[in-house]
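Given next are the chains, with one letter for each unit.
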Amino acid sequence: MGNTAVSVIGLGEMGRALADALITAGHPTTVWNRSAAKADELVARGAVRAATVEEAVLAGPLTLLCLLDYDVTDTLLRPVAGALRGRTLVSLTNGTPAQARRTEAWAVAQGAAYLDGGIMAIPSTVATPQAFILYSGQKRHFEAHKESLEVLGAAKYLGADAGVAALYDLALLSAMDYMFEGFFHSVAMATSHQEGTAAGFTELLVPWLTNMAQIMPAFAADVDSDAEPVVAQGLDVVLTGARNMAQASRDAGVRADHFERSAAALEKQLAEGLTTYTAPRAVRELRTTSD
Ligand code: FVH
């Protein structure tokens, strides 16, 4: 059973799940939320309700923040700056790498230790084998609290730069976003057919995407390598596919702008004399700054 006292500030859907997991694991848990009623069930399960943010921070060595954004984080922490010395703050609020680095610098100036985190879970999967949480900041702070943090989900340390957890969090979310956007697009296409149903189509889509995801490590190896890419497809074949997806979308009454942009990028590569479609080039196409 955990014995580190942990405070949780922010008891939305996610903050409540985090606090619940800590209580279940036996950690003395103090909670604070703007709307105090959201703490009621946790208090009934053994949590201590803090009357103020300051009281929550002073209740133990480790405070987790799970709030709407970093503006709210700033608004809550700045007035209690004097209480932070010697405490460890772990921000699990979604934010940018710059916000994470700025918050770390401010927290360190107050004499606090700081870790930034990205939760790769939804409330119902917190504290299950599916959950993992990314952390970055000074390693000694991570090591000092790893055991408590592991209660929430597998704790993955990414490095001393406080911004890297947020960068990877947002990169993972961007892949998820594209995946769902692609799902909605494909469902719009499939259900334009008289007999098409989203459920029937999705039975085909899930195994297809599961199989295709297996190619990613090989693509990744090509991106990381200076050698000639191993996975390469004919550029003309890929361009024809993009043009066909654009045309079939338009014919089905579905927006085609994504595929039109893809086709334009592939046409540019063809005009440059390239003959193959590779992952390193696809990644490079997306960069707005040169390597
Ligand atoms: N829910 C999820 O599935 C995702 C999974 C991945 C990580 N995210 C991030 O977790 C942060 C919190 O998300 P949430 O789902 O808990 O969000 P809400 O249920 O909307 O809770 C928001 C909390 O923020 C408090 N809050 C908002 N504005 C203020 C303010 N001006 N002053 C003080 N507190 C504020 C809010 O308080 P209240 O409305 O209950 O009084 C909640 O505690 C987020 O970064 C996700 O991206 C979740």
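Residues numbered from 1 in each chain as written. Predicted model: local features only at pLDDT ≥ 70, side-chain atom pairs only at ≥ 80, totals over all residues. Heavy atoms only, no water.

## Description of the overall build of the chain
Keep this limit in mind: Think of it this way: any DSSP run of H or I at least four residues long counts as a helix, any run of E at least two long counts as a strand, and we number them from the N terminus. Residue burial is assigned from relative accessible area. The probe radius is 1.4 Å, only protein chains are included, and a residue is buried under 20% of its type maximum, exposed over 50%, and partly exposed in between. What makes two residues a contact is simply this: any of their non-hydrogen atoms within 4.5 Å. Shrake-Rupley sampling with a 1.4 Å probe provides the accessible areas, and residues are treated as covered by the protein chains on show and by no other component. When charges are tallied, Lys and Arg are placed among the positive residues and Asp and Glu among the negative ones, while His and the ends of the chain are skipped. To locate a charge, the coordinates of NZ of Lys, CZ of Arg, CG of Asp or CD of Glu are taken.
Across its full length, the chain holds 12 helices and 10 strands. Here the chain holds 291 residues, and the buried ones make up 39% of them. Considering only contacts within the chain whose residues lie at least 6 apart along the sequence, 60% involve residues at least 24 apart. Split by element, the accessible area of the chain, about 16,000 Å² in all, is 58% carbon and sulfur. For the chain, the centre of its 22 positive side-chain charges and the centre of its 32 negative side-chain charges are spaced 6 Å apart.

## Quick look at the domain arrangement of the chain
What counts, and what does not: Where each domain starts and ends follows an automatic or database-derived domain assignment.
With domains assigned, the chain is organised as domain 1 (6–166) and domain 2 (196–286). Measuring from the centre of the C-alpha atoms in domain 1 to the corresponding centre in domain 2 gives 39 Å.

## Concerning the pairing of strand E1 (residues 6–9)
Condition: In this description, strands pair whenever DSSP reports at least two bridges between them. Seen with the strands pointing away from the viewer, any crossover whose path from the first strand over the helix to the second strand runs clockwise is right-handed.
Of the two faces of E1, the one holding Val6 and Val8 and the one holding Ser7 and Ile9 are both buried throughout. Of the strand pairs in this sheet, E1 and strand E2 (residues 29–32) are connected by 4 bridges, and their pairing is parallel. Following the sheet pairing, Ile9 is matched in E2 by Trp32. As a crossover connection, the stretch from E1 through helix H1 (residues 13–24) into E2 is right-handed.

## A few points about helix H7 (residues 164–190)
What counts, and what does not: Multiply 1.5 Å by the residue count of a helix minus one, and that product is the helix's expected span.
The end-to-end C-alpha separation of H7 is 39 Å, in line with the 39 Å expected for 27 residues at 1.5 Å each. Listed as buried for H7 are Val164, Ala165, Ala166, Asp169, His185, Ser186, Val187 and Ala190. Against the buried residues of H7 lie helix H5 (97–109), strand E6 (113–120), strand E7 (132–137), helix H8 (198–213), helix H10 (235–251) and helix H11 (257–271).

## Some details on the sheet that holds E7
To keep it simple, the criterion reads: Only C-alpha atoms enter the line fits that serve as axes; for helices the fit covers just the stretch in contact. Angles between N-to-C directions range over 0 to 180 degrees.
Read from one edge to the other, the open sheet built from 8 strands follows the order E3-E2-E1-E4-E5-E6-E7-E8, with strand pairing classed as mixed. Two strands in the sheet have a free side with no partner beyond their single neighbour: strand E3 (48–49) and strand E8 (154–157). The sheet contact formed by E2 and E3 spans 2 bridges and is parallel. Across the sheet, residue Val31 finds its bridge partner in E3, namely Arg49. Together, strand E5 (88–91), E6 and E7 form the strand contacts of H5, whose direction differs from that of E6 by roughly 150 degrees.

## What about the pattern of salt bridges?
To keep things clear, this is the line we draw: By salt bridge we mean one thing: a side-chain nitrogen of Lys or Arg within 4 Å of a carboxyl oxygen of Asp or Glu.
In this structure the tally under the stated criterion is 11 salt bridges. A salt bridge links Asp20 to Arg45; the nearest nitrogen and oxygen atoms lie 2.2 Å apart. Taken together, the residues Asp20 in helix H1 and Arg45 in the loop between helix H2 (40–44) and E3 connect sequence positions 25 residues apart. Relative accessible area serves as the criterion here: at 30%, Asp20 is assigned to the partly exposed category.

## Focus on the nonpolar core
Looking at soluble globular proteins, one finds that nonpolar side chains tend to be buried together. Rules: Here, the term nonpolar core denotes a set of buried Ala, Val, Leu, Ile, Met, Phe, Trp, Tyr and Cys residues that are joined through side-chain atoms within 4.5 Å.
With 30 residues, the main nonpolar core has Leu18, Val31, Leu64, Leu92, Ile119, Tyr135 and Leu152 as its most contacted residues. Of all the secondary structure elements, the ones that give two or more residues to this core are E1, H1, strand E4 (62–65), E6, E7 and helix H6 (139–150). Looking at which element gives the most residues to this core, the answer is H1, with 7 residues. Setting aside residues up to four positions removed in sequence, Val31 forms contacts with Val8, Leu11, Ala19, Ala39, Leu42, Ala47, Val48, Arg49 and Ala50.

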